[in-house]
Amino acid sequence: MTETPFWEAPIETLDRAQWESLCDGCGKCCLNKVEDEDTGRIYPTNVACKLLDLKTCRCADYRNRKAIVPECLRLTPRKIDDYVWLPSTCAYVLRAAGQPLPDWHYLISGSVETIHEAGMSVKGRAISELHAGPLENHIIEQPL
């Protein structure tokens, strides 16, 4: 009898390590957004948090990120539906909706490079906020 992989289990049954390992490393949640104060509309940019390693699309200091970037959010199974700006391809969003992980997800493919090879990460398409200048100059039509 084969045990079901943890990533196919309901998200509320996952422990913290399992939940954290669902992250596919796309880097999309680390892109800054611009909110229109009048309408509340959120506009995507191609500007990444200063902690995002643009080569790996992973946080350069994940453990201490909240101390360095206080507005950084911790995604949890209970709050995942609150973050409507997360991409539909996000592993957390997919699993919260009971959908399977895509073939390019490292838990399926066995390689953290497949997300980049599939063009599903921000690798090569984002700029660090350390070099970007005003966010308003980096609003993009379609989220990355």
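Conventions we followed
Residues numbered from 1 in each chain as written. Predicted model: local features only at pLDDT ≥ 70, side-chain atom pairs only at ≥ 80, totals over all residues. Heavy atoms only, no water. Helix = DSSP H or I, 4+ residues; strand = E, 2+ residues; numbered from the N terminus. Polar contact = N/O pair within 3.5 Å; in protein donor to acceptor, adjacent residues only side chain to side chain. Contact = heavy atoms within 4.5 Å. Phe/Tyr/Trp six-rings, centres within 6.5 Å; stacked < 30°, edge-to-face > 60°. Buried < 20%, exposed > 50% of the residue type's maximum accessible area, 1.4 Å probe, protein only. Lys NZ or Arg CZ within 6 Å of the ring centre and 35° of its normal. Lys, Arg positive; Asp, Glu negative; His and termini not counted. Salt bridge = Lys/Arg side-chain N within 4 Å of Asp/Glu carboxyl O. Core = buried A, V, L, I, M, F, W, Y, C linked by side-chain atoms within 4.5 Å.

(A) Inspection of the side chain of Thr45 at higher detail. Along the polypeptide, Thr45 turns up in strand 2 (residues 42–48). Here Asn32 takes part through its backbone oxygen, which lies 2.6 Å from a polar atom of the side chain of Thr45. A polar contact of 3.1 Å, which involves the side chain of Thr45, links it to the backbone nitrogen of Val47. Aside from chain neighbours lying at most four places away, what touches Thr45 is Leu31, Asn32, Val34, Leu135, His138, Ile139 and Ile140.

(B) Structural context of the packing of aromatic side chains. Applying the stated criterion to the full structure yields 3 aromatic pairs. On the numbers, 5.8 Å between centres and 50° between planes, the contact of Tyr83 with Trp85 is tilted. For Tyr83, a relative accessible area of 11% puts it in the buried group. Take Trp85: its relative accessible area is 27%, and that puts it in the partly exposed class. The residue whose ring lies beneath Arg65 is Tyr62, and the NZ or CZ to ring-centre distance is 3.9 Å.

(C) The arrangement of unusual backbone geometry in detail. In the Ramachandran plot, Cys57 falls in the positive-phi region, its phi being about 60° despite a non-glycine side chain. Assignment of secondary structure puts Cys57 in the loop between strand 3 (52–53) and strand 4 (58–59).

(D) How the structure looks around the side chain of Arg65. Secondary-structure assignment places Arg65 in helix 2 (residues 65–68). Of the side chains with opposite charge, Glu20 comes closest to the buried, unpaired Arg65, at an N-O distance of 5.3 Å. Ignoring sequence-local partners within four residues, the contact set of Arg65 consists of Leu51, Cys59, Cys72, Leu73 and Arg74.

(E) Representation of the nonpolar core. Counting 15 residues, the largest nonpolar core has Leu14, Trp19, Leu22, Leu75, Ile80, Tyr92 and Leu101 as its most contacted members. Discounting residues that sit within four places of it in the chain, Leu14 has contacts with Phe6, Ala9, Trp19 and Leu22. Membership of the second largest hydrophobic core comes to 6 residues, among which are Leu31, Leu52, Val122 and Ala126.

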